[in-house]
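Observations on the three-dimensional arrangement
Residue strings, one per chain:
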Amino acid sequence: MSEPSSDDIQIDFINELKSYIPALRDKASSLKGVDSEDSDKDLAELHRLVHTIRGASSIVKLSNLSKVASEFEQVIEEIISERLTIDADVFKAILCTIEYFEAYSREIPCNDSFGQKLRTEVLGSLLEVRNFATVDDGHDLLSQLLVTANQDEDDTLVLDTEELAFDDIDLEADDLLADEIDFPAAIEYEHFANEGYAFNNAPQSQEDTTLSDSQNGEDDGSELIDLPLQELLESFYQEAEDHLQDLGKALGKLEEHISFPVSLTSEYKELLGVIRRSVHTIKGAAAVIKLKAIAGWGHEFEDVLDWLYEEADVLTPAAISVIADAADMLERFVTVPQKVDPGKLEQLRSEFKRIIGSDLDTENIAENEPVAGISPMSADYVDLALPVENQGQSGDCADRNAFPNAPSLGLDQAKTLRVDMTKVESLVNLASELTIALSGFDQDMEGLGNQIGEIDRARLRLKKTSRDLELGYEVKAIQKLGSAQSMLQTSAAATGEDTAAFSDFDLLELDRYSELNLIIRSLSETAVDVSTISRQLSDIHSGFDAYLNRLRILLSELHQKTMRMRMTPMSTVINRMRRTVRETATQLDKRVQLTVQGEHIELDKMVWEKLADPLMHLLRNAVDHGIESPAARQTAGKPEIAAVHLAAAYQGNQVVIRVTDDGRGLEYEAIRKAVASSQPGKDVDAMSEEDLADMIFQPGFSTCQTISEVSGRGVGLDVVKKNILGLKGSVRIAKSSKGAGTTFRINLPLTMAVMQALLFDVGGQLYATALYDIKEILRVNPEDLEGQGEKTINMGDRSLPFYKLSESLANVVPRVQTGNSAQRPLVLIVDTDSWQGAVAIDRIYSQKEIVIKNLGTHLRKVKGIAGATVMGDGKVVPILNLEELLRVESIRHHKMGYFKQNEIQKPLEIMVVDDSVSVRMVVARLMQRQGWKVHTANDGVEAIELLHTRRPDLIVLDVEMPRMNGYEFMSSMRAQTKFNDTPVIMLTSRTSKKHREKAQALGVDGFVTKPYGDEEFVDLVKQLTQR
Amino acid sequence: MGFNSKNNHKRTDTSLSLEALIKAIDRQVDQVPHPYAAEGFAAYLDSGTEEHKNKGQQYIRFLLNKTAFALPLPNATEIDYLPEVTPLPNLPQWVLGICNLRGDIVSVVDLKQILHLESGGAGTAKKLILIRNDNISTAIIVDKVMGILSIGDQHNQIDSDLMENKVFSKFIQKVIGLGRQTVHLLDVDVLMTAIEI
């Protein structure tokens, strides 16, 4: 009976198989177009179909078919996992197999043993294809590493595509050049194109040798040479994209505003500056990774921008449109280099010349020699643009075929997904929210646990009560029963025979129940029920607990993974750094070795991207300025190969990056001289080395007489500082001594993070701080405290400054004195990299993993506060940065001591002269926060009037104001002997040297550019008023 | 028939009273003084259509002490009860601290100090209004939120010169009379600049 039904099933299956054939054929034939966008999809679909066939056939016990299908499936799997490339043989095998399937499906009734010969053939070809791969297996891993197509198998394919590529380039060359250039040029162009191919082929052959080398077991790491190049390219494209965006934005603004020739105002200049900077960066980066075409064009472009920026007085719409065209060209060079039009390039070049107004003769010469002028150049471009191709998003199949590398790269790219940062961010936020919600659960779970404990205790009481009742009363009641028998008997007689029926039993022979007995019985039953419920409850509770724990673990994993999504290790930018150092060193004929430490240190991707420029700048500086010439090193007795060290490390919730060289160190005297010459008002002799070191971060500061090619066009350390400040980090010179090298230290906060924190209580308010910084927690004896006001504490062999947090936070927390702690205070010993201290707190609350949230858009940064976290119950807990908080505190302590000594010190009186209400208000607020008195004036005239009645200790002055501008005010004020030495800080957005010099000539003491750093501004005020 | 007519009569009655009711509500809401009641009502109806034309004219009206202020509605993103405020060190006095607004940390600004009004005072259940411009958002504390105010031409603008002597005049964009009440329309940009840190 089962036989026919099994046949039915098989026939159904055969029909099913038949229905798959067209799809199989379709997908298989589409595989021919080796690397079309959909090939992945097709492969997957094919795989699915074959898998279904295999599964079904094995279920219906068609073992031969299932064998073929399973073999086929494995081949496809290998193709998908890129161990096998589709070449003619593989393709043939696939088609053969499908044919076999088709023939099979035609066999009705089903005959599994059909076509023995065909089957073995198909199986053989499939195996052969795979065997090829297995032979190849030896270097499978390597070949994947090297991102090479399997050279051995692909020989035929490569040959094909070689021809293809040539045809294609020829065609393109004709297209491009037909219009403007005569035939010989095209031939020459073709020649170069060929060379271009050869160029591109070079790494290929190198890989070949690498392959054979490593096959011989000599893996000498030479594959490193090409792997990073790919990484470099990748990061270059990302970077270039950003810069192109900036460029586009600035350009858009210019285009918007300039519809007729206008004089070049500072606003336009700034925009031009942005464009120039973007182009410069792209150029620089391209040059470093040897994309000469981009670098070359960038250079020419930059020349024009330089001229416009430095020399031009008038900006015409025509010039803007040339800039726009050039920018488009640059973008094309970066994104689709094969579409660069050499004719257009030349046209732009002559436009450039027209803008710069260069000699007509040279232009003529250039035009007279179009062949010599153009073809090598354009060929140069295309040839060098070829590697770009590998990365280009162009879907042009032929182009890809030209480079055997391209397909595999394409697949690599398909595996990554570019997601908007905000989306990832919202994901991270959600995970954070979940963590917080979960901690709400935690708190309730604790409550639930407590309640279950209560129930258990109540159950015990109940049990005891019912037991007592049972023992004490039930027995008595039974006795009573006996004594009251007569009474009972009368009632029993009334109710009926029941009791009377048992009356011949003795009391002890048969229990008889009164109402009380029943109550007691039900009570003890309830007690049992309650104890069951309580047990079950506690089971559920512990179950919940386990689930919650699991949830917590999963959540923290989720959190970390989502955070990780945005984090990349330093190694992603390190190759750029290496290359920068190498290039710079070669250029300057120095021998430098870059050592790197902490490549695994992870930071937000955006942070690395933004940090790459400053880092490269610091490294270039180190090589250019820091490291001496080989001869000088020799005389100084230093090793010939100079060392530059780049080190990153976690430190609490910060990442610290150090750039160290062993060069000549800062020449403080040279800096002193430079400061003296640029800022005559400054008392340079009084400046400490530290102050002098800070000076090199000032805009426009340079001790170098000659501006070398390497250190760029005036993008100085001030930009480095600005960039790093933009990342909420800081940069300073950690140490530098003459002859012994310089160390730059960059501190960066780990934004948006989870951290292990200690939660503690001060004056009834909960605070958190990074557990990492806390070395010890202990109670101290008051006897160990020393000193009046500013106390120190003796800890064995060292003495630490002692702070009472309740005093530091006095204006925030209500004053609660806890008796115990006052006697033997609980102290956190804080030990950060740069600071140590003992901090008294009231009570430890717990240790916890917390989510750091920032303080919102309004506060952004509050001194001493690293952020805030939200507890499960919605309570906000500030995260303290104890070092920052208490260091400020110690400064104030000093101040207070000073106050006490001198009894009275008049608060500073500061006059703010600015025509903008907001600037006045913001500056005034900043000054008032220091406890200073502020007067404001609208313009110079008003300020002069105010000076009749007031005598400010310092004046903050704007440059451009109505009625009387800053310069006019300066000269008029300085004319009065009374105000001859009143310090003046000029606050302006004008950063140019000219403005600065003018101000200095008029006797301005300080120069602050908007936007300014609060701290620096206040420090400057203090410095100038000698506070 | 008789029944029917009675019913009809009743219907008109209710519709009349409904109108009266709306009027009464409007009177209360807008606090239009009696003599201008009819006029105010008509104006109110007009303002309804006006409102459709320019929706940017809506303000949120609130009290600080006994003084009425108003903020442009697009700048006020949220109104809520004031949650617990956590104080922070090293902040200017007029920032009371931070609070948790559904998972986001928001700073809390005491508007009274900014406007130089007497602090403390009325009301226990204070409200916060989350205000924002392009750059920053912060919560301000108000004593009472009065409602939405649509400003059309019918509101007599009080000469701002009269306001010059007020301490907070620089924050005021214009002053309008709303019935017997004077409402000060705050200039959000100036306010935001003032509270910027």
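Further up the page is the structure itself.
Residues numbered from 1 in each chain as written. Chains lettered and ligands numbered in written order. Predicted model: local features only at pLDDT ≥ 70, side-chain atom pairs only at ≥ 80, totals over all residues. Heavy atoms only, no water.

Things to note about the overall build of chain B
Within chain B, the regular secondary structure consists of 4 helices and 11 strands. Taking as baseline every contact in chain B between residues at least 6 positions apart, the subset at least 24 positions apart corresponds to 55%. As presented, chain B carries roughly 11100 Å² of accessible surface, and 50% of it is formed by carbon and sulfur atoms. (Helix = DSSP H or I, 4+ residues; strand = E, 2+ residues; numbered from the N terminus. Contact = heavy atoms within 4.5 Å. Areas by Shrake-Rupley, 256 points an atom, 1.4 Å probe, with all protein chains shown as cover.)

What to know about the packing of aromatic side chains
Aromatic ring pairs are described here by two measures, namely the spacing of the ring centres and the angle between the planes. Residue and element names in this part refer to chain A. A full pass over the atoms with the stated rule returns 6 aromatic pairs over all chains. Between Trp 297 and Phe 352 the ring centres are 5.5 Å apart and the planes differ by 25°, which places this aromatic pair in the stacked class. Of the two residues, Trp 297 is situated in helix H11 (residues 292–310) and Phe 352 in helix H13 (residues 342–356); the sequence distance between them amounts to 55 residues. Both rings, one in Phe 301 and one in Phe 352, keep their centres 6.2 Å apart while their planes meet at 10°; by these two values the pair is stacked. Of the two residues, Phe 301 is situated in helix H11 and Phe 352 in helix H13; the sequence distance between them amounts to 51 residues. You can call Phe 301 buried: its relative accessible area is 0%. By the ring-pair criterion, three or more aromatic residues cluster together here, those being Phe 72, Tyr 100 and Phe 101. Lying across the ring of Tyr 967, Lys 998 places its NZ or CZ 5.8 Å from the centre. (Phe/Tyr/Trp six-rings, centres within 6.5 Å; stacked < 30°, edge-to-face > 60°. Buried < 20%, exposed > 50% of the residue type's maximum accessible area, 1.4 Å probe, protein only. Lys NZ or Arg CZ within 6 Å of the ring centre and 35° of its normal.)

A look at the pairing of strand S24 (residues 984–988) of chain A
The side chains of a regular strand alternate, first on one face of the sheet and then on the other. All names here are of chain A. The element S24 is largely enclosed, with a buried count of 5 among its 5 residues. Neither face of S24 is left uncovered, since the one carrying Val 984, Met 986 and Thr 988 and the one carrying Ile 985 and Leu 987 both have all their residues buried. Summarising the sheet, strand S23 (residues 954–957) and S24 pair through 3 bridges and their orientation is parallel. Looking at the pairing, Leu 957 lines up with Met 986 of S24. For the segment spanning S23, helix H34 (residues 966–974) and S24, crossover handedness is right-handed. Note: S24 against strand S25 (residues 1006–1009), 4 bridges, orientation parallel. Looking across to S25, one finds that Ile 985 is bridged to Gly 1006. For the crossover that starts at S24, traverses helix H35 (residues 993–1001) and ends in the parallel S25, the hand is right-handed. (Pairing = 2+ DSSP bridges. Right-handed = clockwise from strand over helix to strand, strands pointing away.)

Overview of a negative patch on the surface
Residues and elements named next belong to chain A. A grouping of Glu 690, Asp 691, Asp 694, Glu 1016 and Asp 1019 is seen on the molecular surface, where their side chains present a negatively charged patch. Elements supplying a minimum of two residues to the negative patch: helix H26 (689–695) and helix H36 (1014–1024). With 3 residues, the top contributor of residues to the negative patch is H26. Residue classification places Glu 1016 among the partly exposed positions, given a relative accessible area of 45%. (Patch = residues over 30% accessible without salt bridge, like charges linked within 9 Å, V, L, I, M, F, W, Y side chains within 5 Å. Salt bridge = Lys/Arg side-chain N within 4 Å of Asp/Glu carboxyl O. Lys, Arg positive; Asp, Glu negative; His and termini not counted. Charge placed at Lys NZ, Arg CZ, Asp CG, Glu CD.)

Considerations on the sheet that holds strand S16 (residues 826–831) of chain A
Residue and element names in this part refer to chain A. Here we have 6 strands laid out as an open sheet, ordered S12-S16-S17-S15-S14-S13, and mixed in their pairing. Since the sheet does not close on itself, it has two edges, and those belong to strand S12 (774–779) and strand S13 (785–786), each with one partner. Note that strand S14 (residues 791–795) and strand S15 (residues 798–804) share 5 bridges and pair antiparallel. Within S15, the position partnered with Thr 792 by the bridge is Pro 801.

Re H34 of chain A
All names here are of chain A. Within the span of H34, buried status applies to Gly 966, Tyr 967, Phe 969, Met 970, Met 973 and Arg 974. The buried side chains of H34 occupy one side of the element, clustering within an arc of 160° when seen end-on. Against the buried residues of H34 lie strand S21 (909–913), helix H33 (940–949), S23, S24 and H35. Looking at where H34 begins, the residue whose side-chain oxygen comes 3.0 Å from the main-chain nitrogen of Tyr 967 is Asn 965. (Arc of directions from axis to C-beta. Polar contact = N/O pair within 3.5 Å; in protein donor to acceptor, adjacent residues only side chain to side chain.)

Topic: the interface of chain B and chain A
Each partner contributes residues to the interface: chain B has 28 residues there, and chain A has 28 residues. Summing the contributions of chain B and of chain A, the shared interface buries around 2500 Å²; its carbon and sulfur component is 64%. For the chain B face of the interface with chain A, the top three residues by lost area are Pro 89, Asn 90 and Ile 105 of chain B, together amounting to 24%. Remark: the boundary between chain B and chain A carries 1 salt bridge. Linking chain B with chain A are 7 residue pairs in polar contact (both at pLDDT 80 or more), by the criterion used here. Counting residues per element, the ones that place at least two in the side of chain B that touches chain A are strand S4 (95–101), strand S5 (104–109), strand S7 (137–142) and helix H4 (188–195) of chain B. For the side of chain B that touches chain A, the class distribution of residues is 16 nonpolar, 9 polar and 3 charged. (Buried area = accessible area lost by both parts, 1.4 Å probe. Nonpolar A, V, L, I, M, F, W, Y, C, P; charged D, E, K, R; others polar.)

Side note on the side chain of Ser 524 of chain A
Topologically, Ser 524 of chain A is positioned in helix H21 (residues 515–566). The residues touching Ser 524 of chain A, leaving out its near neighbours within four places in the chain, are Ser 466 and Glu 470 of chain A.

Comments concerning unusual backbone geometry
The phi angle at Asp 589 of chain A is positive, at roughly 60°, despite the residue not being glycine. Accessibility expressed as a relative area gives 60% for Asp 589 of chain A, which makes it exposed. In this structure, Asn 90 of chain B is a non-glycine residue whose phi angle is positive, near 55°. Inspection of the secondary structure puts Asn 90 of chain B in the loop between strand S3 (76–81) and S4. Taking the relative accessible area as the measure of exposure, Asn 90 of chain B reaches 33% and is therefore partly exposed.

What to know about the environment of Gly 739 of chain A
Its location among the elements puts Gly 739 of chain A in the loop between strand S8 (730–736) and strand S9 (742–749). Filtering out sequence-adjacent residues up to four positions away, Gly 739 of chain A remains in contact with Lys 638, Gly 663, Arg 664 and Gly 665 of chain A.

Description of the packing of helix H12 (residues 317–335) of chain A against H13 of chain A
Helix-helix packing: each pair is described by the crossing angle between the helix axes and the interaxial distance. Residue and element names in this part refer to chain A. Where H12 meets H13, the axes come as close as 10 Å, and the angle between the chain directions of the two elements is 140°. One way to sum up the angle between H12 and H13 is to call them oblique. In this structure, H12 crosses over H13, and the sense of that crossing is left-handed. When H12 is examined against H13, the residues Ala 319, Val 322, Asp 325, Ala 326, Met 329 and Phe 333 are found in contact with a partner set consisting of Lys 344, Leu 345, Leu 348, Glu 351, Phe 352 and Ile 355. (Axes fitted to C-alpha atoms, helices over the stretch in contact; angles between N-to-C directions. Parallel < 35°, antiparallel > 145°, perpendicular 65-115°, else oblique. Left-handed = near helix turned anticlockwise from the far one by under 90°.)

Details of the pairing of strand S6 (residues 127–132) of chain B
Residues and elements named next belong to chain B. When S3 meets S6, the two strands line up antiparallel, connected through 5 bridges. Across the sheet, residue Ile 79 finds its bridge partner in S6, namely Ile 129. Relative to S7, S6 runs antiparallel, the two sharing 6 bridges. The residue bridging Lys 127 from the neighbouring strand is Val 142, located in S7.

Quick look at the environment of Leu 185 of chain B
Residues and elements named next belong to chain B. Among the structural elements, Leu 185 can be located in strand S11 (residues 181–186). Residue Leu 185 is classed as buried on the basis of its relative accessible area of 0%. Those residues in contact with Leu 185 that sit more than four places away from it in its chain are Tyr 59, Ala 70, Ile 151, Phe 171, Ile 172, Gln 173 and Lys 174.

Description of the sheet that holds S6 of chain B
All names here are of chain B. In spatial order, the strands read S3-S6-S7-S5-S4; together these 5 strands make up an open sheet with mixed pairing. Bordering the open sheet on either side are S3 and S4, each of which pairs with just one other strand. Across the sheet, the mean angle separating the axes of adjacent strands is 30° when strand polarity is ignored. Alignment of S5 against S7, held across 2 bridges, turns out to be parallel. What sits directly across from Val 109, in S7, is Ile 140.

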